[in-house]
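A look at the structure
Residues per chain, in single letters:
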Amino acid sequence: MTSPNHDGGEILATVEEVRVQLARGEALAGVSLEIKRGEIVTIIGPNGAGKTTLLRVLLGLLEPTSGRVRLAPGVRIGYMPQRIQIDAVLPLSVRRFLTLTGRRSDADLRRVLAEVGAPAVIDSPIQGISGGEMQRILLAKALLRNPDLLVLDEPVQGVDVQGQVELFGLIGRLRQERGCAVLMVSHDLHLVMAATDRVVCLNRHVCCTGTPESVQGSQAFVELFSPQVVTNLALYAHQHDHRHDPVRGKETDRG
Amino acid sequence: MPTSTIIATTRCAERKPTVDNFLLRALLGGIGVALVAGPFGSFVVWRRLAYFGDTLSHSALLGVVLGFLLHVNLTLGVIVVCQVLALLLFLMQRQQHIAGDTLLGILAHGALSLGLVLLALVETVRIDLLSYLFGDILAIGPSDLLWIFGGGTLSLAVLAWLWRPLLAMTVHEDLARVEGVPVAQINWAFLALLALAVALLMKVVGLLLVTALLIIPAATARRFAATPEAMALLAALCGCVAVAGGLAASYRWDTPAGPSIVVAAALLFVASHLAPRCRT
């Protein structure tokens, strides 16, 4: 996956020395982060490392105990929450789900659904679509806001491997076509490495950060994840270096 | 039970001369609360607030007793106590020390028992307890109708105004917040409205059965609705049918009206599951 030159990109969001103290303990201990237009940043880390907490602070859903988040003026954020389950007792079509917080024209809806590769489900009940389709619909909902920054919390959770490859490919393409930045969280190391420009290893503080290649070689990364996992990852990422177009128009894994 | 005998006698006494009027008022009042119960009940079902509704309604007896003691309109007393409890529940939602349903249980039964104890202590108050527990639709007077239709119109109008953001946060609260919905304010406003609706519903089915009138028609409507609005409207319709059916049964077989309405609603629910399923 080619990455555009974003060294000189406009800074969209800055996280400054954010600390979060929750009832169960310290969730974040002084985390700083910068996100520039056009880059894909992936936060990885073990369970309980504070990945989702960091996203919540960035989104303004959680007030940090200290430190702060600065967004560039006028930055629009599109948010894709972790895999959500909508209770079957609520009759809701995909169309209605996408227009919950704002009316959109039918053409807009169809365009964004085509963009995420789920054009056929627009009038389906939202509880009747597959896991992979649901992730695409959530992505479509985030895209409808024309975001400068896409914030994705575990975007491939509950999706099979083929679907994961497709989704990461889609996210990369969206970045290329829309020029937005992407900040995502993943606890899965394997596929995400190939789909990202910059990796931030988080374990309540930032352990290491850099390109996937440099991070994988760093001692901090190996300590954070067991050597066994890291070895497997290297093999796996290598294989995926050679897959260039995993997405191409395949309809989803609708079952 | 002596109290029920007394009610039965008084009821028979007033039934003879004004049969048409009081039945008409009962039907009007019942339809009024059913129309309110449909949309609110749908949200109670969607937001899983059934126990919440119970807690609000159980506190209503406290409002009745306080109304007597302070010489204010009893309906007003119930509304005020329900509003206070709704505010309390709203604030308590934010704590994480005790599980939500445990807390609701404590409040519901605590408030109901406190109402019963106060009622026994205050000797000057002689109220017909059963009519508050199970409703007294046949005793609905013109002023009750005014409360039901005035309060009902108000609560439905505000609910319609809150509808879109409330639905968005019902689907996913964080997503709604990021997309600009003032979640806390809307949640509080909805609970206050629900408290008002509960106070009105209580007149017809009594505080023990309020939740039934909220959730049974909504659950019945789900099978035939493809949109949230259709479910709310169908729930209101199911409620009206249950009120009419329950009242007719009560008149025909002299059964208690409130419970008859709830039985009718439950029968509709069962029947709806025997009917072929529509669309979604």
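Because the structure is predicted, anything quoted here is derived from the model rather than measured.

**Some points on the overall build of chain A**
The number of helices and strands found in chain A is 8 helices and 9 strands. Across chain A, every contact between residues at least 6 apart in sequence was considered, and the portion connecting residues at least 24 apart equals 72%.

**Focus on the overall build of chain B**
Along its length, chain B carries 13 helices and 0 strands. If you list the helices and strands of chain B from N to C, you get α-α-α-α-α-α-α-α-α-α-α-α-α. Rg of the C-alpha trace for chain B: 19 Å, near the compact-globule value of 19 Å for 280 residues, within the 12% margin. Along the first, second and third principal axes, the C-alpha atoms of chain B reach 60 × 45 × 30 Å. Taken across its 280 residues, chain B has 48% of its residues classed as buried. Here the contacts in chain B between residues at least 6 apart in sequence split such that 76% fall between residues at least 24 apart.

**Points about the interface of chain A and chain B**
By a widely used convention, the size of an interface equals the accessible area lost when the partners come together. Between chain A and chain B, the contact holds 18 residues from the first and 22 residues from the second. For the side of chain A that touches chain B, the secondary-structure elements that each account for two or more residues are β5 (77-80) and α2 (94-98) of chain A. Of the residues assigned to the side of chain A that touches chain B, the class counts are 15 nonpolar, 1 polar and 2 charged.

**A look at the environment of Val65(B)**
Residue and element names in this part refer to chain B. Along the chain, valine 65 turns up in helix α4 (residues 60-70). The exposure class of valine 65 is buried, given the 25 C-beta atoms found within 10 Å. Along the primary structure valine 65 and leucine 118 are separated by 53 residues, whereas in three dimensions their C-alpha atoms are 7.1 Å apart.

**Examining the domain arrangement of chain A**
All names here are of chain A. When its domains are assigned, chain A resolves into domain 1 (35-60 + 72-76 + 149-245) and domain 2 (82-146). Taken together, the 12 residues of domain 1 in the interface contact 10 residues of domain 2. Of all the secondary structure elements, the ones that give two or more residues to the side of domain 1 that touches domain 2 are β6 (149-153) and α5 (161-178). The element best represented in the side of domain 1 that touches domain 2 is α5, accounting for 3 residues.

**Re the sheet that holds strand β7 (residues 181-186) of chain A**
Note: strands within a sheet are paired through backbone hydrogen bonds, in either parallel or antiparallel orientation. All names here are of chain A. Taken together, the 6 strands give an open sheet; going across it, the order is β5-β6-β7-β3-β8-β9, and neighbouring strands pair in mixed fashion. Edge positions in the sheet fall to β5 and β9 (206-210), since each of these pairs with one other strand and no more. Neighbour-to-neighbour, the strand axes of the sheet open up by a mean angle of 15°, direction not taken into account. With 4 bridges joining them, β5 and β6 adopt parallel strand pairing. When the sheet's bridge partners are listed, tyrosine 79 is paired in β6 with valine 151. Against the sheet, helix α4 (residues 131-143) touches β5 and β6, its axis set at about 165° to β5.

**Re helix α10 (residues 183-205) of chain B**
Counted at 1.5 Å a residue, the expected span for α10(B) with its 23 residues is 33 Å, and the 32 Å between its end C-alpha atoms agrees. Gly206(B) lies just past α10(B) and shows a positive phi near 85°.

**A word on the sheet that holds strand β4 (residues 66-71) of chain A**
Residue and element names in this part refer to chain A. The sheet built from 3 strands is open, its strands ordered β2-β1-β4 with antiparallel pairing. Looking along the sheet, the strands with just one partner apiece sit at the ends: β2 (25-36) and β4. Strand-to-strand twist of the sheet, defined as the mean angle between neighbouring strand axes without regard to direction, takes the value 15°. Of the pairings in the sheet, the one linking strand β1 (residues 11-22) to β2 comprises 9 bridges and is antiparallel in character. Following the sheet pairing, isoleucine 11 is matched in β2 by lysine 36. Its contacts with the sheet place helix α1 (residues 51-59) against β1, β2 and β4, and it is angled at close to 120° to β1.

**With respect to the confidence of the model for chain B**
All names here are of chain B. Averaged over all residues, the pLDDT of chain B equals 87, while 91% of them reach at least 70. Taken as a whole, residues 1-17 scores under 50 in pLDDT and shows 8 contacts with residues more than four places along the chain or in a different chain. Reported for the predicted complex are a pTM of 0.84 and an ipTM of 0.82.

**Focus: the packing of helix α11 (residues 210-222) of chain B against helix α12 (residues 228-253) of chain B**
Residues and elements named next belong to chain B. Viewed as axis vectors pointing N to C, α11 and α12 meet at an angle of 120°, and their least axial separation amounts to 8 Å. Put simply, α11 runs oblique to α12. Judged by the sense of rotation from one axis to the other, the crossing of α11 with α12 is right-handed. Facing Leu213, Pro217, Ala218, Thr220, Ala221 and Arg222 of α11, the residues of α12 in contact are Met231, Leu234, Ala235, Cys238, Gly239 and Ala242. In the contact of α11 with α12, the residues fall into 9 nonpolar, 2 polar and 1 charged.

**Quick look at the nonpolar core**
Val151(A), Cys82(B), Leu201(B), Leu213(B) and Ala265(B) are the most contacted members of the largest nonpolar core, which has 168 residues in total. For this core, the two domains that each supply at least three residues are domain 1 (35-60 + 72-76 + 149-245) and domain 2 (82-146) of chain A. Leu213(B) has contacts with Val33(B), Ala37(B), Leu201(B), Val205(B), Gly239(B), Val262(B) and Ala265(B), leaving out every residue within four places of it along the chain.

**Observations regarding unusual backbone geometry**
Look at Glu17(A): it is not a glycine, yet its phi comes out positive at around 45°. Given 13 C-beta atoms within a 10 Å radius, Glu17(A) is considered partly exposed. Positive phi values are uncommon outside glycine, yet Asp254(B) reaches one of about 55°.

Procedures and definitions
- Residues numbered from 1 in each chain as written.
- Chains lettered and ligands numbered in written order.
- Predicted model: local features only at pLDDT ≥ 70, side-chain atom pairs only at ≥ 80, totals over all residues.
- Helix = DSSP H or I, 4+ residues; strand = E, 2+ residues; numbered from the N terminus.
- Contact = placed C-beta atoms within 7 Å.
- Rg over C-alpha atoms; globule rule 2.2 N^0.38 Å.
- Buried ≥ 20, exposed ≤ 12 C-beta atoms within 10 Å, placed from the backbone.
- Nonpolar A, V, L, I, M, F, W, Y, C, P; charged D, E, K, R; others polar.
- Domains from an automatic or database assignment.
- Pairing = 2+ DSSP bridges.
- Axes fitted to C-alpha atoms, helices over the stretch in contact; angles between N-to-C directions.
- Expected span 1.5 Å × (residues − 1).
- pLDDT = per-residue confidence, 0-100.
- Parallel < 35°, antiparallel > 145°, perpendicular 65-115°, else oblique.
- Left-handed = near helix turned anticlockwise from the far one by under 90°.
- Core = buried A, V, L, I, M, F, W, Y, C linked by C-beta atoms within 7 Å.

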